[in-house]
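One-letter residues, chain by chain:
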Amino acid sequence: MCGIIAITTSMKKPVSKMITTGLKRLEYRGYDSVGISLIHDGKIHTLKDKGQIDLVEKKLDLRSLKGTTGIGHTRWATHGPPNKENAHPHADCTGNITVVHNGIIENYLDLKQYLLKKGHKFSSETDTEVIAHLVEEELKQSDTSMKVIHAFKRVITKIEGTYAITLLHTAEPETIFLAKKDSPLVIGVQDDIKFAASDIPAFLEYTKKVIALNNGEIATITPKTVYIEKNGFKIQPKTFTVTWTVESAQKSGYPHFMLKEIHEQPISLRNTMTINSKKIEQASQMILNAKKIVFLACGTSYYAGLSGFHQFQRILKNKPVYSVIASEYQLYSHLFDKGTLIIAVSQSGETLDVMKAVSYARKQGSDLISIANVIDSSIPRLSQLSLYTKAGPEIGVAATKTHTAQVLLLARIILQLEFETGIIDVNKFDDYKKQLSEETPRVVRTIINQNEFKAKRLASIIADKQHSYFLARGKSMPVALEGALKLKEISYIHAEAFPAGESKHGPIAIVEKDFPVIMIAPNDWTANKILGNAEEMRARGAYIISITERDHPIIKRSDYSFIIPKAFSSLIEPITYVVPLQMIAYYTSVYKGLDPDKPKNLAKTVTVE
Ligand code: G6P
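Residues numbered from 1 in each chain as written. Predicted model: local features only at pLDDT ≥ 70, side-chain atom pairs only at ≥ 80, totals over all residues. Heavy atoms only, no water.

Q: How do you make sense of the pairing of strand 6 (residues 97-105) when you look at a structure like this?
A: Consecutive side chains of a regular strand alternate in pointing toward one face of the sheet and then the other. Among the 9 residues that make up strand 6, 9 are buried, leaving the element largely enclosed by the rest of the structure. Hairpin connection between strand 5 (residues 90-91) and strand 6: a loop of 5 residues separates the two successive antiparallel strands, and Gly95 in this loop has a positive phi of roughly 80 degrees. Sheet analysis places strand 6 next to strand 7 (residues 161-169), joined by 9 bridges and oriented antiparallel. In the sheet register, Thr98 faces strand 7, and the bridge partner there is Leu168. (Buried < 20%, exposed > 50% of the residue type's maximum accessible area, 1.4 Å probe, protein only. Helix = DSSP H or I, 4+ residues; strand = E, 2+ residues; numbered from the N terminus. Pairing = 2+ DSSP bridges.)

As structure tokens, then:
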């Protein structure tokens, strides 16, 4: 996820200040590096560096650049580490072209190979840079009358993947070239100035008149004009007026970051699955070569690891697998030695409890794979192999999209292990892999759409309760634990999760009329058993809320049900079942008048022991 902005104006004022302010509004999309390019006196002038906008702005004095047409970018690193070279904008060999991009050019390696053969010199490891060189190459190969727009259009037919692109060429110093597929790109319109950006907040201070580009559209903006076409046909732009305030718009119209992030899950899941297969193969080899495996994590990340742990145990029958809460690592210090492989799961990559545990394990000779969302953070830097979820920046303190992305990345590794160990053949492997990337985001989108209103209604029923239970069996336990954590951390209702069979050994003692009991009930071998546990609770007056599948007998015994589509693989159940629980927690917090984004006493990244 990156943020892009482009501005062109016929007013005399340089646009560097507006681009810099716009980038600050897009910083939630990434903050690994920042850069801007403006055309001035027929030349492109670029300033860029690693780091967040405030630092780079001061260091390079971004606002000093002259020019009335320019583009800017704030990066969430995907291809190539977050350094100055990989920071956008990227230029061609002549320096006449500059480009910023959000998305992933999947065929960039082939294109780069082709361009290298043609003699192009690359300055970065990014996928984006190929775009600038491709436009240069098209113009070089054509007769001199070829317009930039024609070269740009030809390039768009050659790239595969997802993109929002803005490009400048000195030959047309007032024109900005735009293309969009699957990554957001909107145009802002005012009389003498036009904007293009990943999100409306980037230009909301200057205009509320917006044109949303659709997939497959190519456009140009100049200070006075907007031209859009698709498949060679001109499109009549549809302008709408937004009513957002600048402050609320940073959340793209959502009242809270947490809700926005819940809704972003289909995208973050799809992006996470674009991970390089080689890295997954490497992870799987390390796992198969290890003598024992230890998952290490805290909080929500621990529950993602716990889902992985259950599946690892199933597959790696003769290999010991453990799951350890990082702050408790001393109790398990005997596990950390040569031959042990640690899998550290940490959204921030900075949690001190995890850092301490993995540092100790590394000193004892253990190997380390990390799963993090923040590129180049401390824990990945200690690892032999760093795997990244591509959930984008998560601002709400209660983790949502990073959690489901962690579970999906682990599911991808598990699939690889099933293939390597002969549990599934190559056809099934390819099929499941495809489903993980295509079907998972689709199912999650459906679950959000079908259950959001229900979660909101349930919030009004449970908001005044003091206590709640989350019950599950077998592999669904991590979901119950995560659901209980979400509810307690943002709604402050005491929530306890335990295996459903344990109720009778103590917890049922405090159940009374209307006591909320949330039951995670996939329609598998646990169906009849959990039905029995629901009956025990009902007999004491509990209010039964089931998260289940169509045809599960628990529906008839529940006061309230959320229906989850049958998963194509049990590997994604910890994702599909957790989504309604995130929404229940969110809406309960809101119903109680609390701020779900900033729960009291908690922080997003905990760097104390
Ligand atoms: C904090 C956050 C939790 C998070 C935990 C682990 O407690 O509030 O949401 O799950 O840290 O964070 P990590 O960055 O290591 O995943």
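Q: Would you explain the layout of surface pockets in this entry?
A: If a probe the size of a water molecule is rolled over the atoms, the empty space left behind becomes visible. Taken as a whole, the largest pocket encloses approximately 1,000 Å³ of empty space. The wall of the largest pocket is formed by 34 residues, among which His79, Thr274, Ile275, Asn276 and Lys390 lie closest to the centre. The set of elements that each furnish at least two residues to the lining of the largest pocket consists of strand 6, helix 3 (108-117), strand 7, helix 8 (265-272), helix 9 (277-289), strand 20 (385-388) and helix 14 (426-462). Within the lining of the largest pocket, the residues separate by chemical class into 12 nonpolar, 12 polar and 10 charged. (1 Å grid on protein atoms, 1.4 Å probe; cavity = no way out; pocket = protein on both sides within 12 Å on 5 of 7 lines; lining within 4 Å. Points joined across faces, edges and corners; volume = space filled by probe spheres on them. Nonpolar A, V, L, I, M, F, W, Y, C, P; charged D, E, K, R; others polar.)

Q: I tried to follow helix 18 (residues 578-591) on my own but got confused; where do I start?
A: The α-helix winds at 3.6 residues per turn, so residues separated by three or four positions along the chain end up facing the same way. Between its first and last C-alpha, helix 18 extends 20 Å over 14 residues, near the 20 Å set by a 1.5 Å rise per residue. Buried within helix 18 are the following residues: Val578, Val579, Pro580, Leu581, Gln582, Met583, Ile584, Ala585, Tyr586, Tyr587, Thr588 and Ser589. (Expected span 1.5 Å × (residues − 1).)

Q: Just to check I follow, could you spell out the site of the ligand for this structure?
A: With respect to spatial proximity, 13 residues lie near the ligand, and among them Ser301, Ser346, Gln347, Ser348 and Thr351 are the closest. Between Ser346 and the ligand, the recorded distance is 2.6 Å, taken from a side-chain N or O atom to an oxygen atom. Ranked by the residues each element gives to the shell around the ligand, the list is headed by helix 10 (residues 299-315), at 3 residues. (Near = heavy atom within 4 Å. Polar contact = N/O pair within 3.5 Å; in protein donor to acceptor, adjacent residues only side chain to side chain.)

Q: I'm lost on empty space enclosed by the protein in this one. Help?
A: Under the counting rule described, the total for this entry stands at 3 cavities of 30 Å³ or more. Put simply, the largest cavity is a space of about 50 Å³. Lining the largest cavity, in full, are Ser307, Gly308, Gln311, Val407, Leu410, Ala411, Ile414, Ser570, Leu571 and Pro574. Residue assignment for the lining of the largest cavity shows that the elements contributing at least two residues are helix 10 and helix 13 (401-420). Taken together, the residues of the lining of the largest cavity break down into 6 nonpolar, 4 polar and no charged.

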